[in-house]
Amino acid sequence: MTRARLFLFDTTLRDGQQTQGVQFSTAEKLQIAAALDALGVDYIEGGWPGANPTDSDFFAAPPATKATLTAFGMTRRVGRSAENDDVLAAVLNANTPAVCLVGKTHDFHVTTALGVTLDENREAIAASIRHLVARGREALFDAEHFFDGYRANPGYALSCLHAALAAGARWIVLCDTNGGTLPSDVSRITAEVIASGIPGDRLGIHCHDDTGNAVANSLAAVEAGARQIQGTLNGLGERCGNANLTTLIPTLLLKEPYASRLQTGVTHQALAGLLKTSRMLDDILNRVPLRSAPYVGASAFAHKSGLHASAILKNPTTYEHIDPALVGNERVIPMSNQAGQSNLRARLAAAGIAIDPKDPRLGRIIEVVKDREDQGYAYDGAQASFELVARRELGLCPEFFEVKRYRVTVERRKNKYDRMISLSEAVVVVKIGDQKMMSVSDSMDEAGSDRGPVNALAKALGKDLGPYQACIDDMKLVDFKVRITNGGTEAVTRVIIDSEDGQGRRWSTVGVSANIVDASFEALLDAIQWKLIRDFGVPPKSPK
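Quick caveat: nothing in here was measured; it's all calculated off a predicted structure.

*Asks:* What am I meant to see in the overall build of the protein here?
*Replies:* Along the backbone of the protein there are 20 helices and 16 strands. The C-alpha extent of the protein, read off along each of the three principal axes, is 85 × 65 × 45 Å. In the protein, which comprises 544 residues, the share counted as buried stands at 52%. A fraction of 67% describes how many contacts in the protein between residues 6 or more apart in sequence connect residues 24 or more apart. For the protein, the exposed surface amounts to about 23,600 Å²; the carbon and sulfur share of it is 49%. For the protein, the separation between the mean place of its 60 positive charges and that of its 64 negative charges on side chains is 4 Å.

Below, the structure written as structure tokens:
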């Protein structure tokens, strides 16, 4: 059976940039565009030329992409011709092969927000699209507030779509702009639009996630006959976000009826890099990846229950809807005080540790985990620290170095501008083999800002580790979480550190102490130890 072509339109660089707290630099937009192109989307909407300096700079030196680079703008203003509208001219001057124009299709917005007549608005849509087509551009029309407009005045909303189509628009995109439409309505209305004479292979869908239904709404439109989906990486977008392409793409490629009926530009090879692409965007935004994200989240294939882990060992399909490797993810068998030996054996196997199922040390490891979690440790979110606990009990944890002592001081003083500042200094003494080394560092970053005592410790510890220095230089701390497990004056602090290296590996470690600096240092040491085991296995020479 011939599969119908479904086109993917990414608007991360435009609609995604409307997310609160998000502002891409031009270099970041170029990096994201390259990743999107490698993924295989069909259209990359780069932004709105002339709306801000970043978008203008992006289009001034646009990237070379296989995907169709698209500029965004709005239909001409009533009272001006398309040829004399300076805003429309700026969009055309970006010289992209495709242009997407947004226009009103809800009568309430036309008369209230624009303050023009319904006929004037409809003619503005048609004239703008004709202007694009006359200049050889592929024209897309984003029908803003379409679903609300259709419910209020279906005749007028449809007349706007047909005006754009008759003027030469390649795509008519139905926009659920306020995100309030539910899947059943999206399906019904999309089918009625097609029945009115808008061909499905020229119809797109653009959904927002204000009811948590953007993905479901997009799929509903496709099932009704639409053949373009607009969305963003990781669901970025204004308010609650846009339809999440990071969820939609694997669903379309791996789930029926879509996989056998539809074809996209994304290959299965590219799909295997989806997690890496998702994490790249989070890194650019300096955000912690959402652990519960479908397909690409760190917990998407995590099996904490002993019953689940036991079944997973026998057949992964018992509790996994896809092979996690298909999207670049991996299975996680967390350890916690709820875990049994099935979890433990699975977790050890994942770490490359083979052990007899009848080995009595397995029971000892579980007891140690439960005892330490009573003290405040949490290993279900710190798998690297759990692995080190198990290795120590099994005698498989080499000592690459020994910390003999450390000291941290925090000083509050005035700087040369007579402003009060804080500065932390750390001294760490380590022993590698027969040699002791002392490193000193402070908490000041390159911009002259104080980064705190933990930063000073991390810099001091990573300053001189002899034969392991190159390995340590390759890792970075990407997240730092603190929780007080007991209140009052006897509070116990739990610190979880997420680390990442140049190979894209990401791991979590935990430390617990009444002293937040000590807890942080414990987690930091575990992070370095885990990295050294992965890179070196056994050290050249164990310390005495």
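*Asks:* Sorry, what's going on with the layout of surface pockets here?
*Replies:* Take a probe with the size of a water molecule and roll it over the atoms, and the empty space left behind shows itself. Taken as a whole, the largest pocket encloses approximately 1,300 Å³ of empty space. Elements supplying a minimum of two residues to the lining of the largest pocket: helix H13 (274-285), helix H15 (341-350), helix H17 (383-394), strand S14 (475-484), strand S15 (493-501), strand S16 (506-513) and helix H20 (516-536). With five residues, the single largest contributor to the lining of the largest pocket is H13. Partitioned by chemical class, the residues of the lining of the largest pocket number 17 nonpolar, 10 polar and 19 charged. Computed from the structure, the second largest pocket encloses a volume of approximately 620 Å³. Surrounding the second largest pocket, 29 residues form its lining, Trp48, Phe72, Met74, Val102 and Glu144 being those nearest its centre.

*Asks:* Sorry, what's going on with empty space enclosed by the protein here?
*Replies:* All told, the structure shown has one cavity of 30 Å³ or more when counted by the stated rule. Within this model, the largest cavity holds a volume of roughly 30 Å³. Around the largest cavity, the lining residues are Val428, Val430, Met437, Ser439, Ala460, Leu461 and Asp464. Listing elements by their share of the lining of the largest cavity, those giving two or more residues are strand S12 (420-432), strand S13 (435-442) and helix H18 (453-461).

*Asks:* Got a minute to help me understand the packing of helix H1 (residues 26-39) against H13 in this structure?
*Replies:* The geometry of a pair of packed helices is captured by two quantities: the angle between their axes and the separation between those axes. Taken N-terminus to C-terminus, the directions of H1 and H13 make an angle of 170°; their axes are 11 Å apart at the nearest point. Regarding the angle of H1 to H13, the classification is roughly antiparallel. Here Glu28, Gln31, Ile32, Ala35 and Leu39 of H1 lie close against H13, whose contacting residues are Leu274, Thr277, Met280, Leu281 and Ile284. Grouping the amino acids of the contact of H1 with H13 by side-chain chemistry returns seven nonpolar, two polar and one charged.

*Asks:* Sorry if this is basic, but what is going on with the pattern of salt bridges here?
*Replies:* The full count for this structure, using the stated rule, is 37 salt bridges. A salt bridge links Asp474 to Lys531; its shortest N-O distance comes to 2.9 Å. With a gap of 57 residues between them, Asp474 in the loop between helix H19 (469-473) and S14 and Lys531 in helix H20 connect regions that are remote in the sequence. Owing to a relative accessible area of 0%, Lys531 belongs among the buried residues under this scheme.

*Asks:* How do you make sense of the sheet that holds strand S6 (residues 138-144) when you look at a structure like this?
*Replies:* Strands in a sheet are paired, the pairing made by backbone hydrogen bonds, and the direction either parallel or antiparallel. Read once around its circumference, the closed barrel built from eight strands follows the order S2-S3-S4-S5-S6-S7-S8-S9, with strand pairing classed as parallel. Averaged over all pairs of adjacent strands, the angle between strand axes in this sheet comes to 25°, irrespective of strand direction. Alignment of S6 against strand S7 (residues 171-176), held across four bridges, turns out to be parallel. The partner of Ala143 across the bridge, within S7, is Leu174. The sheet strands contacting helix H9 (residues 214-224) are S7, strand S8 (203-207) and strand S9 (228-231), and the helix crosses S8 at an angle near 170°.

*Asks:* Even after reading the chapter, I still don't get the nonpolar core, so can you show me in this structure?
*Replies:* Membership of the largest hydrophobic core comes to 87 residues, with the highest contact counts inside it found for Phe24, Phe146, Leu161, Ile172, Val193 and Ile229. A total of eight residues in this core trace back to one element, the largest contributor, which is helix H7 (residues 154-166). Of all hydrophobic cores here, the second largest spans 32 residues; its members include Ala384, Leu388, Ile432 and Ala456.

*Asks:* Got a minute to help me understand H18 in this structure?
*Replies:* Along an α-helix, a turn takes 3.6 residues, which lines up residues three or four apart on a common side. Those residues of H18 that sit buried are Val454, Ala456, Leu457, Ala460 and Leu461. Projected onto a plane normal to the axis of H18, the buried residues spread over an arc of 160° and lie on a single side. On its buried side, H18 packs onto strand S11 (402-414), S12, S13, S14 and H20.

*Asks:* Could you clarify how one ought to interpret the state of the cysteines in this entry?
*Replies:* In protein structure, a disulfide is the covalent linkage between the sulfur atoms of two cysteines. Enumeration according to the criterion identifies zero disulfides in this entry. The thiol of Cys175 is not disulfide-bonded; the next cysteine sulfur, from Cys100, is found 7.3 Å away. A disulfide-free cysteine, Cys240 has its sulfur positioned 14 Å from the sulfur of Cys207, the nearest such atom. Given a relative accessible area of 47%, Cys240 falls into the partly exposed group.

*Asks:* Help me understand the packing of H18 against H20, please; the structure alone is not making it clear to me.
*Replies:* Where H18 meets H20, the axes come as close as 10 Å, and the angle between the chain directions of the two elements is 35°. Where H18 crosses over H20, the two elements pack in a sense that is right-handed. Taken together, the residues of H20 that come into contact with H18 (itself represented by Pro453, Val454, Leu457, Ala458 and Leu461) are Val517, Ser520, Phe521, Leu524, Leu525 and Ile528. Class assignment for the residues of the contact of H18 with H20 results in 10 nonpolar, one polar and no charged.

*Asks:* What's the story with the packing of aromatic side chains in this structure? I'm lost.
*Replies:* In this description, an aromatic ring pair is defined by two values, namely the gap between the centres and the angle between the planes. Summed over all chains, the structure comprises 11 aromatic pairs. Look at Phe7 and Trp171: their rings are 5.4 Å apart centre to centre, the planes differ by 65°, and that puts the pair in the edge-to-face class. Taken together, the residues Phe7 in strand S2 (residues 7-10) and Trp171 in strand S7 connect sequence positions 164 residues apart. Put simply, the rings of Phe146, Phe147 and Tyr150 touch in pairs and so form one group of aromatic residues.

*Asks:* Please clarify how the sheet that holds S16 should be interpreted in this entry.
*Replies:* Strands sit in the order S14-S15-S16 across an open sheet of three strands; the sheet is antiparallel. The open sheet terminates on both sides in strands that have one partner only, identified here as S14 and S16. Averaged over neighbouring strand pairs, the angle between their axes works out to 20° when direction is ignored.

*Asks:* Any chance you could explain the pairing of S8 here in plain terms?
*Replies:* Most of S8 is tucked away: five of the five residues are buried. The two faces of S8 match: Leu203, Ile205 and Cys207 on one face and Gly204 and His206 on the other face are all buried. Pairing geometry for S7 and S8, over five bridges, is parallel. Opposite Val173, over in S8, you have Gly204 as the bridge partner. Taken together, the three bridges between S8 and S9 define a ladder with parallel strand orientation. By the bridge assignment, His206 is partnered in S9 with Gln230. A crossover links S8 with its parallel partner S9, the connecting element being H9, and its sense is right-handed.

Rules behind the numbers
Each chain has its residues counted from 1, running along the sequence as written. Note on the predicted model: pLDDT of at least 70 is required for a residue's local features to be given, and 80 or more for side-chain atom pairs to be given and counted; whole-chain, interface and lining totals, by contrast, use all residues. Heavy atoms from the whole structure form the basis of all side-chain values; hydrogens and water molecules are not counted. Here a strand is any run of E in DSSP of at least two residues, a helix any run of H or I of at least four, and the numbering for each starts at the N terminus. Relative accessibility decides the category of a residue: with a 1.4 Å probe and only protein chains considered, values under 20% of the type maximum give buried, values over 50% give exposed, and everything between is partly exposed. When checking whether two residues touch, look at their non-hydrogen atoms; a contact exists if any pair is within 4.5 Å. Residue-level accessible areas treat just the shown protein chains as cover; the underlying method is Shrake-Rupley with a 1.4 Å probe. Positive charge is attributed to Lys and Arg, negative charge to Asp and Glu, and no charge count is given to His or to the chain ends. A charged residue contributes its charge at one atom only: NZ of Lys, CZ of Arg, CG of Asp or CD of Glu. Points on a 1 Å grid, built from protein atoms alone, make a cavity when a 1.4 Å probe fits but cannot get out and make a pocket when they are open with protein on both sides within 12 Å along at least 5 of 7 lines; residues with an atom within 4 Å of a point are the lining residues. Grid points are joined across faces, edges and corners, and a volume is the space filled by probe spheres set on the points. Under the convention adopted here, Pro, Cys and the residues Ala, Val, Leu, Ile, Met, Phe, Trp and Tyr are nonpolar, Asp, Glu, Lys and Arg are charged, and Gly plus all remaining residues are polar. Here, axes are lines fitted to C-alpha atoms. For helices the fit covers the stretch in contact, and angles between N-to-C directions go from 0 to 180 degrees. We call two directions roughly parallel when the angle between them is under 35 degrees, roughly antiparallel when it is over 145, roughly perpendicular when it lies between 65 and 115, and oblique otherwise. For this analysis, a salt bridge means a side-chain nitrogen from Lys or Arg found within 4 Å of a carboxyl oxygen belonging to Asp or Glu. If DSSP finds at least two bridges between two strands, the strands pair. The set of buried Ala, Val, Leu, Ile, Met, Phe, Trp, Tyr and Cys residues whose side-chain atoms join them within 4.5 Å is what this entry labels a nonpolar core. Comment: arc refers to directions from the helix axis out to C-beta atoms. The rule for a disulfide is simple: a pair of cysteine sulfur atoms within 2.5 Å. A crossing counts as left-handed when the near helix is turned anticlockwise from the far one by less than a right angle, and as right-handed when that turn is clockwise. Aromatic rings from Phe, Tyr and Trp, with only the six-membered ring used for Trp, were paired whenever their centres fell within 6.5 Å, and each pair was classed as stacked if the ring planes differed by under 30 degrees, edge-to-face if by over 60, and tilted otherwise. Classification remark: right-handed applies to a crossover when, strands pointing away from the viewer, the course from the first strand over the helix to the second runs clockwise.

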